[in-house]
Amino acid sequence: MTEAAADYPASLQDYLDGAGESALQQAYQIGRRALEAGTSLVAIADVHHACLRKLLAGEAAADERDRILMGAAQFFAECVSPYEMTYGGYREANTALRHFNEVLEQEAKRIAKVLHDEAGQLLVAVYIALQNLSDEVPAVQPHVLKVTQLLDQMEIQLRRLSHELVPALLNDLGLVPALRYLFEGLAQRSQLQINIDAVPEERLPKRVETTLYHIAKEALHNVVKHAQATAVWIDFRRTADSIHCCIRDNGRGFPPESNAARHAEQGFGLIGIRERLNVVGGHLHINSAQGHGTELRISIPMEN
């Protein structure tokens, strides 16, 4: 902010003295540099108000004061225009991302329907064909029985995957029952012990519940694929304006400065988590250490 604080008064005075478009260009450049430096709008407004107090400190005619106020307002508006353009771009990107997630949800529903209905019909056809084969060739009955048992397991897994993609429990009963159903299926497939240490005491807004469900699912799939963990702990904490979720495992972890850490930060799983959080204004923080597991700390503002 030091650079803006130093350049702002002189550039504003140039504009008030009649420098015109060149001074407005200076205002835009001040705003652009301040934005790149991470300076807040409040800090720029403080500098602007300090300049106004100095300009209006002396005794001046009413028309001169009006001229200063109008000119300073135009200069300030030009200075903060880079912030407005950035905010507009962020808002458009966020809208597009929200639409993209909605499309993904619809696609998940379509895939879940295919798994549940069409794959189920194919399995029925296979069952009938095997039964006919068993009736026609009694000698293959033991083999048919083994194949049928495998098909039974496949049918159970397909049904469970279908419900995990579009969990009816999430809409009907809320986040925790849906997560428990997800954890039960994942634990059966991976032998991973999953513990929920603390849960929300009441229903959360639908978008927040949906976001947390998919984040937990993606995080657990990452644990199964990469962490070599045997246990995962998940807990929630509710504050006045936010919901916080912590997901930690006892896997191999990674040192923060390593290539593995950079790869994990840029992995598709975490990219998806960050994008879902961006839509609801949430944040993700990752803690990890070699041999001490990984911890994801997620926070989502409740007003979303």
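This is a predicted model, so every value here is computed, not measured.

Cut-offs applied
- In every chain, residue numbers begin from 1 and rise along the written sequence.
- In keeping with the model being predicted, local features are shown solely for residues with a pLDDT of at least 70 and side-chain atom pairs are shown and tallied solely at 80 or more, while totals for entire chains, interfaces and linings include all residues.
- Each side-chain value is worked out from all heavy atoms of the structure, with water and hydrogens disregarded.
- Comment: elements are numbered from the N terminus, with helices defined as DSSP H or I runs of at least four residues and strands as E runs of at least two.
- Take the number of residues in a helix, subtract one, and multiply by 1.5 Å to get its expected span.
- Two N or O atoms count as a polar contact when they lie within 3.5 Å, although within protein this holds only if one can serve as hydrogen donor and the other as acceptor, and sequence-adjacent residues are included solely when both atoms are side-chain atoms.
- Under this scheme, a helix contributes an axis fitted over its contacting stretch, all axes are lines through C-alpha atoms, and angles between N-to-C directions fall in the 0 to 180 degree range.
- Our angle categories are set so that under 35 degrees counts as roughly parallel, over 145 as roughly antiparallel, 65 to 115 as roughly perpendicular, and the remainder as oblique.
- Crossing handedness follows the turn of the near helix against the far one: under a right angle anticlockwise gives a left-handed crossing, and clockwise gives a right-handed one.
- In this analysis, two residues are considered to be in contact whenever any of their non-hydrogen atoms come within 4.5 Å of each other.
- Ten residues, namely Ala, Val, Leu, Ile, Met, Phe, Trp, Tyr, Cys and Pro, are considered nonpolar, four, namely Asp, Glu, Lys and Arg, are considered charged, and the remaining ones, Gly among them, are considered polar.
- Stacked, edge-to-face and tilted are the three classes for Phe, Tyr and Trp ring pairs, Trp counted by its six-membered ring, which pair at centre distances within 6.5 Å; planes under 30 degrees apart are stacked, over 60 edge-to-face, the rest tilted.

Student: Help me get a handle on helix H9 (residues 206–227), residues and values and all.
Tutor: Along its 22 residues, H9 runs 30 Å from first to last C-alpha, staying within 8% of the 32 Å computed at 1.5 Å per residue. Directly beyond the C-terminal end of H9, a positive phi value near 55 degrees is found at Gln 228.

Student: Tell me what's going on with the side chain of Ser 288, and back it up with residues and numbers.
Tutor: Along the chain, the position of Ser 288 falls in strand S4 (residues 283–288). One polar contact links the side chain of Ser 288 to the main-chain carbonyl oxygen of Gly 293, over a distance of 3.1 Å. A distance of 3.0 Å separates the side chain of Ser 288 from the side chain of Thr 294, its partner in a polar contact.

Student: I'd like to hear about the packing of helix H2 (residues 21–36) against helix H4 (residues 62–79), residue by residue, with values.
Tutor: Closest axis-to-axis distance for the H2/H4 pair is 7 Å, and the angle between their directions is 45 degrees. The orientation of H2 relative to H4 falls into the category oblique. Crossing geometry of H2 relative to H4 is assigned as right-handed. On the side of H2, the interface is formed by Ala 23, Leu 24, Ala 27, Tyr 28, Ile 30 and Gly 31, while H4 contributes Gln 74, Phe 75, Glu 78 and Cys 79. Residue composition of the contact of H2 with H4, grouped by class: 7 nonpolar, 2 polar and 1 charged.

Student: How would you sum up the packing of aromatic side chains? Please name residues and give values.
Tutor: Per the stated rule, a full pass over the model turns up 2 aromatic pairs. Note on Tyr 8 and Phe 75: the rings are 5.1 Å apart at their centroids and 85 degrees apart in plane angle, and the pair reads as edge-to-face. Linking Tyr 8 in helix H1 (residues 2–16) with Phe 75 in helix H4, this pair joins segments that are 67 residues apart in sequence. For the ring pair Tyr 15 and Phe 75, a centre distance of 6.2 Å and an interplane angle of 40 degrees mean the geometry is tilted. Of this pair, Tyr 15 sits in helix H1 while Phe 75 sits in helix H4; the two residues are 60 residues apart in sequence, bridging distant segments of the chain.

Distances and angles like these do not, on their own, reveal function.
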